[in-house]
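# Examining the three-dimensional arrangement
For reference, the chains in residue letters:
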Amino acid sequence: MNNLINLTIDGKKIQAEKGKNLVDVAKDNGVDIPTLCYFKSINPTLGTCRICTVKLNGRYTTSCTTHVTEGMDIEVNTPELLDNRKAIIEMLYAEGNHFCPTCEKSGNCEMQSHAYNMGLTVTRYPHAFSEKTIDFAPERMIMESNRCILCKRCVEEIKTKDGKSVFSFIKRGVNTRVQIDYKEERKLSEEEALHAMDICPVGAILIKGIANEKPFGERKYDFLNKNVHTSLNNNKIELKEGEKFVVATTSLAGCFGCHMSLLDIDTDLIDMLEIVEFNKSPLTDIKNFSKQCHVGLIEGGCANDENVHVLKDFREKCDILISFGECAIMGGIPAMRNFVPLQECLEEAYLNGLTSELGADIIPAHEDIPKLLDNVYPCNEVVKIDYYIPGCPPNAQHIWKVVKSILLGEEIPIAHDEFKYD
Amino acid sequence: MIMLTKNKVDRSQLMAVLWEIQRKKRHIAHDDITKIAKEFDLSRMEVEGVLTFYHFFHRSDCGKYTIYLNNSIISKHNGMGSIQAAFEKEIGVPLGNLSFDKMFGLYETACIGLSDQEPACLINFQPFTNLTPEKVKTIISKLRNGEKPSDFCDKPKSNIQYTPAIDRTVFFKPYKDFSSLAFLKSNKPEDLIELIKKSKLAGRGGAFFPTGLKWQFARQNKADIKYLICNADEGEPGTFKDRVLLQEHPETLIEGMILAAYAVGASEGIVYLRGEYRYLKAAIEKVIASYKKYNFLGNNIAAKEPFNFDIHVHLGAGAYICGEETALIHSIEGKRGEPSTKVVFPVERGYKDKPTVVNNVETLCAVPHILEMGVDKWLSLGTEKTPGTKLLSVSGDCKNKGIYEIEWGMNFREFLKIIGAENPKMIQWSGPSGNALSEADFDRTISGEDLICGGSVMVFDETRDIPTILKHFSDFFVDESCGICVPCRTGNFLLNRKINKMISGVANRKDMIDIKEWSHIIKTTSRCGLGQMSSNSLNDAIEKFPKVFEKFMADESACKKSFSLEKATADYDRIINEITSDYE
Ligand SMILES: Cc1cc2nc3c(=O)[nH]c(=O)nc-3n(C[C@H](O)[C@H](O)[C@H](O)COP(=O)(O)O)c2cc1C
Ligand code: SF4
Ligand code: SF4
């Protein structure tokens, strides 16, 4: 074989067949470059997803569009490039609407698998809330645009026997989406339709009547990289000799349910008190902060001005602030009043409601009574929140596990049954 | 009407067909798409995909008279607001709508290449410049009276404000038609390539790739047919130099194309003219016809190595990204204007998979002049790295807006003086995808060695709000991203939101850090130049105008500024106040 060339990948000298695709060359040599749009039978390669971006002789380019030649110097796993890759996956999650637990492709989804491998727990980007559609109209398929990452695989790969496109990109920019041509779709055989669903790296192309045919454990990516250890970048809190972690808790506009759940820790409470002391909290009945705390746990959102003051006080006195429970995270039940003007709320409660006295004409107001806000606000709209523990209420063990992991700077192991409530 | 022959469906006709229907019916209806799909043997949705990519193709009626207002920041600064209001009043519906009588459709569009005579608009693609509310009123009443826009539109001024001394001018001096073509008789194509390589001519479309080298690559690639494309898409906001060249000296462009075709061995030439310049199409075609008449176009063109070459004009339809050469090629092929990956370059496999050279208007126009003046003379102009002169389009807050032909190497301060920029604060150099310059840059020189420029120069003075300018640039990129790769598609959208936070005053230090980090990700992972350059000016401005952004930088508070307790309790205060006063 005289068409072998030399190149380096992350400093490692490698020989490879000239002109071979860099993704494959790397793989042959034990370097896994993640890809989403790369698909073996599509040539030229698509180069749409950008996650295989590497540095070639100091310049950024995508691996899937690189054919190796003599002397190439390639960087794959530098911290910058790893972060770029993760960032793109995060951006894809922020741009679409992905609810993995209810997705037909969960466990068989390439993007989900990458996300797990990269230790992705949350995206750094705000959700884009872009307008997406679900098209049920095709005869056999469903086009779930909320999940489409516009990799273009389907557009290039799936054609009818007479060479027409079934899937097409329409519109442009943030509005770009894949649209199925109904007439052409009908021409596909059952097998071709399944192939379309199969090549979609996410769960955007669905075939009616086919869902989750395989149980958990038997899906494509269920145990892939099971033993890969991903770092979550937690910063460890340093304690002085003999010191305990200081935790504060409060309930704003909540029902105290989250605090009740907290107490359900039962005997673990004893373990907890070995390493934790509570400062301001309904549990201790300490009304004012007596020192700076490591962690603050907030139940409930902000419904009145006192809630806002307490929350801001917590933000100042706690290094790490955690919203726990739905009300703190998104307003919860109290936020149902956001759909009704404040005046109507007050009138209903104090003047016109069934339980108010006949002829009631007073809405209580006094400088000691907190002022109601126009809306109930989730905590993160008022101050910066570092972590969220969802649940209504979150499970006791779960709360403790999360708090402990944050305090000790450990990874948070979330077992399947802890976030599955069905 | 374009005739489609049944047995030969050439997809490169698709855009022309769409234009034809759009023109005649003022929109492209469902049934039209079905018919087109059938003619071109495509799926319906593929046609829909092409037409929805282009801004000027409408799926619903856009009026007998379609009015496009330029929404660039230059236009806004020149009073677009009052012009918009005047149009809205006259036709009775807000921007983005069709009037009730279906006479007028009023829409906005990105820069239309008239930045030196804003506010301006296109009505049925005829230009109307220096608008005033009174002028708008007259225009609408004339249209109501049945006058045709082409009969009373304005002829855009060339506003050539400055050229070097006559013996050092390249572009804007009298030119004798056909004079450069004598070169063909006595020289081989290779000679021309050598000469252009020697001249160091580099692409004026903004990438400054050496033209001679590009031609050489294309020449070396063997194929049964090669193509030469003139990029007249001029989409970068603030630039209009190609428009002026096309208006003033279309003959030099055609000669440049003939010479380039000879050099690379191309037999088909295409001028990709942006839709916004449709009013120039007829004049260019007239020049082409006259060159054909004298056998400088067509079969067997007289030369040392006689050759065949012909040119036609392809009209774009409103997509900035189609200025990118691979997107442009896709567009001519009747596809969505999405850029290719850079696995193979157009000189190897371009239009219809054949070797293709894409050159900017100014690049091609320079060629006959270089031959005319001799390469030594040309090399004596400008600087070592960038010989010759450069056309700059100047707009914004300065006295003398228009076209400047300057010799490379001019001092920046001197340039600012000539254009009459009195209180320049920020100069947007090379368009939104270029760089933001401040006082700190004013002592630099305009040259390939230092400050290189594709052509757009926008001047903003002390009175302008920088975040608002940046917001306009960002809006532009969000609108114009082709959408094929996520860093550009959604990254720019997210940066845009950050700018919104600045404008509403609630941005903080974290936002500023995010902007920097996210920009880096967008820049290093985007697929084409649009995404790679889209965050340049934002980051430049933050770096160069620390005073403007310091209040955001300084805000490290973990409380959200977007939440105001006063505002949130205002309702309650009002209600209690009303109730208590009732009962006193
Ligand atoms: C987003 C983008 C937009 C562009 N727009 C134009 C344009 O409007 N006109 C132009 O001549 N070149 C434009 N270019 C550059 C072209 O891709 C190409 O480099 C140029 O047409 C080559 O001609 P030249 O070598 O003569 O400059 C653009 C590039 C990018 C990335
Ligand atoms: S539908 Fe699936 S295969 Fe098609 S572009 Fe979207 S993500 Fe890719
Ligand atoms: S960078 Fe933007 S314009 Fe370029 S390919 Fe990506 S999405 Fe399209």
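Model, not experiment: these values are computed from the prediction.

With that out of the way, let us pick up the overall build of chain B. A count of helical and extended segments in chain B gives 25 helices and 18 strands. In terms of overall dimensions, chain B is globule-like: its C-alpha atoms have a radius of gyration of 25 Å, near the 25 Å expected for 584 residues. Dimensions of chain B along its principal axes, counting C-alpha atoms only, are 105 × 60 × 45 Å. Within the span of chain B, comprising 584 residues, buried residues form 61% of the whole. Counting only carbon and sulfur atoms, one obtains 51% of the accessible surface of chain B, whose full area is about 22,400 Å². In chain B, 77 side chains carry a positive charge and 77 a negative one; their mean positions are 4 Å apart.

This brings us to the overall build of chain A. Helix and strand content of chain A: 13 helices and 17 strands. Counting only C-alpha atoms, chain A reaches 90 × 60 × 40 Å along its principal axes. Buried residues in chain A amount to 50% of all 422 residues. Here chain A contributes 47 positive and 63 negative side-chain charges, whose respective centroids are spaced 9 Å apart.

Moving on to the domain arrangement of chain A. Along its sequence, chain A is organised into domain 1 (4-77), domain 2 (86-207) and domain 3 (228-418). The centre of domain 1 of chain A, based on its C-alpha atoms, is set 48 Å off from the matching centre of domain 3 of chain A.

Now for the sheet that holds strand S5 (residues 73-75) of chain A. All names here are of chain A. Taken together, five strands build an open sheet; the order of strands is S2-S1-S5-S3-S4 and the sheet is mixed. Each edge of the sheet is formed by a strand with only one pairing partner; in this case those strands are strand S2 (12-17) and strand S4 (59-62). Geometrically, the sheet is characterised by an average inter-axis angle of 40° between neighbouring strands, direction not taken into account. Relative to S5, strand S1 (residues 4-9) runs parallel, the two being bridged by two bridges. Looking at the pairing, Thr8 lines up with Asp73 of S5. Against the sheet, helix H2 (residues 79-95) contacts strand S3 (53-56), S4 and S5, and its axis sits at roughly 150° relative to S3.

This part covers the packing of helix H18 (residues 466-480) of chain B against helix H20 (residues 491-503) of chain B. All names here are of chain B. Here H18 crosses H20 at 160°, and the two axes come no closer than 9 Å. Comparing their axes, H20 and H18 come out roughly antiparallel. Seen along the crossing, H18 lies across H20 with a hand that is left-handed. Of the residues in H20, those in contact with Pro467, Thr468, Leu470, Lys471, Ser474, Asp475, Phe477 and Val478 of H18 are Asn492, Phe493, Asn496, Ile499, Asn500 and Ile503. Here the residues of the contact of H18 with H20 sort into seven nonpolar, five polar and two charged.

In this section: the domain arrangement of chain B. Here chain B is partitioned into domain 1 (11-53), domain 2 (65-152), domain 3 (166-379), domain 4 (389-461) and domain 5 (466-558). Relative placement of domain 1 of chain B and domain 5 of chain B: their C-alpha centres are 36 Å apart.

If you look at the interface, chain B gives 58 residues, while chain A gives 63 residues. Both sides of the chain B and chain A interface together cover about 5,200 Å² of buried area, and 62% of this is carbon and sulfur. Where chain B packs against chain A, one counts five salt bridges. We note a salt bridge from Asp41 of chain B to Lys164 of chain A, for which the minimum N-O separation is 3.4 Å. Linking chain B with chain A are 31 residue pairs in polar contact (both at pLDDT 80 or more). Of all the secondary structure elements, the ones that give two or more residues to the side of chain B that touches chain A are helix H3 (44-51), H18, helix H19 (486-489), H20, helix H21 (509-525) and helix H25 (565-582) of chain B. Residue composition of the side of chain B that touches chain A, by class: 26 nonpolar, 15 polar and 17 charged.

All names here are of chain B. Residue placement: Asp32 occurs in helix H2 (residues 30-40). As a C-alpha pair, Asp32 and Arg44 span twelve residues in sequence and 9.8 Å in three-dimensional space. Once residues within four sequence positions are removed from consideration, Asp32 is found in contact with Ile21, Lys25 and His27. Engagement of the side chain of Asp32 in a polar contact is seen with the backbone nitrogen of Ala29, the distance being 2.9 Å.

The next thing to look at is the nonpolar core. Counting residues in each nonpolar core, the largest one holds 188 residues, and the members touching the most others are Phe167 of chain A together with Trp215, Ile258, Phe309 and Phe549 of chain B. In terms of residue count, the dominant contributor to this core is helix H12 (residues 250-264) of chain B (ten residues). If we skip the residues at most four places from it in the chain, Trp215 of chain B touches Leu192, Ile193, Ile196, Ala260, Ala263, Val264, Val357, Asn359, Leu364 and Val367 of chain B.

For Asn175 of chain A, the location among the structural elements is in the loop between strand S8 (167-170) and strand S9 (177-180). With 43 residues separating them along the chain, Asn175 of chain A and Lys132 of chain A place their C-alpha atoms 8.5 Å apart.

In the structure shown here, the tally under the stated rule is 65 salt bridges over all chains. Among the salt bridges present, the one from Glu190 of chain A reaches Arg140 of chain A, with a minimum N-O distance of 3.7 Å. With Glu190 of chain A in helix H6 (residues 190-199) and Arg140 of chain A in the loop between strand S6 (134-135) and strand S7 (141-144), this pair connects stretches of sequence that are 50 residues apart. Between Glu324 of chain B and Lys342 of chain B there is a salt bridge, and its shortest N-O distance comes to 3.2 Å. A residue pair is termed long-range when its members are at least 10 positions apart, and Glu324 of chain B in the loop between strand S10 (307-315) and helix H14 (325-332) and Lys342 of chain B in the loop between H14 and strand S11 (356-360) qualify at 18 residues. Of the residues examined, Glu324 of chain B reaches a relative accessible area of 18% and is grouped as buried. Through salt bridges with shared partners, one network takes in Asp162, Lys164, Glu184 and Lys187 of chain A together with Asp41 of chain B.

Every one of the 13 residues lining ligand 3 counts as a neighbour, but Cys482, Ile484, Cys485, Cys488 and Cys528 of chain B are closest to it. Taken together, the residues of the shell around ligand 3 break down into eight nonpolar, four polar and one charged.

In the vicinity of ligand 2, 14 residues are found, and the nearest of them are Cys148, Cys151, Lys152, Cys154 and Cys200 of chain A. Here the shell around ligand 2 is built from residues that sort into twelve nonpolar, no polar and two charged.

One way to say it: the disulfide is the covalent bond shared by the sulfur atoms of two cysteines. Within the structure shown, the criterion is met by zero disulfides over all chains. With no disulfide partner, Cys453 of chain B has as its closest neighbouring cysteine sulfur the one in Cys398 of chain B, 13 Å distant.

What follows deals with the packing of aromatic side chains. If you walk through the whole model with that rule in mind, you get 30 aromatic pairs over all chains. Where Tyr262 of chain B meets Phe307 of chain B, the ring centres are 5.0 Å apart and the plane angle is 40°; that geometry is what we call tilted. In this pair, Tyr262 of chain B sits in helix H12 while Phe307 of chain B sits in strand S10, placing the two residues 45 residues apart along the sequence. Assigned by exposure class, Tyr262 of chain B and Phe307 of chain B land together as buried. Aromatic ring contacts, followed pair by pair, group Trp19, Phe53, Tyr54, Phe56, Phe57, Tyr68, Tyr107 and Phe125 of chain B into a single cluster. If you follow Lys152 of chain A out to its NZ or CZ, it ends over the ring of Phe169 of chain A, 5.6 Å from the centre.

Cut-off values and rules
Residues numbered from 1 in each chain as written. Chains lettered and ligands numbered in written order. Predicted model: local features only at pLDDT ≥ 70, side-chain atom pairs only at ≥ 80, totals over all residues. Heavy atoms only, no water. Helix = DSSP H or I, 4+ residues; strand = E, 2+ residues; numbered from the N terminus. Rg over C-alpha atoms; globule rule 2.2 N^0.38 Å. Buried < 20%, exposed > 50% of the residue type's maximum accessible area, 1.4 Å probe, protein only. Areas by Shrake-Rupley, 256 points an atom, 1.4 Å probe, with all protein chains shown as cover. Lys, Arg positive; Asp, Glu negative; His and termini not counted. Charge placed at Lys NZ, Arg CZ, Asp CG, Glu CD. Domains from an automatic or database assignment. Pairing = 2+ DSSP bridges. Axes fitted to C-alpha atoms, helices over the stretch in contact; angles between N-to-C directions. Contact = heavy atoms within 4.5 Å. Parallel < 35°, antiparallel > 145°, perpendicular 65-115°, else oblique. Left-handed = near helix turned anticlockwise from the far one by under 90°. Nonpolar A, V, L, I, M, F, W, Y, C, P; charged D, E, K, R; others polar. Buried area = accessible area lost by both parts, 1.4 Å probe. Salt bridge = Lys/Arg side-chain N within 4 Å of Asp/Glu carboxyl O. Polar contact = N/O pair within 3.5 Å; in protein donor to acceptor, adjacent residues only side chain to side chain. Core = buried A, V, L, I, M, F, W, Y, C linked by side-chain atoms within 4.5 Å. Near = heavy atom within 4 Å. Disulfide = S-S within 2.5 Å. Phe/Tyr/Trp six-rings, centres within 6.5 Å; stacked < 30°, edge-to-face > 60°. Lys NZ or Arg CZ within 6 Å of the ring centre and 35° of its normal.

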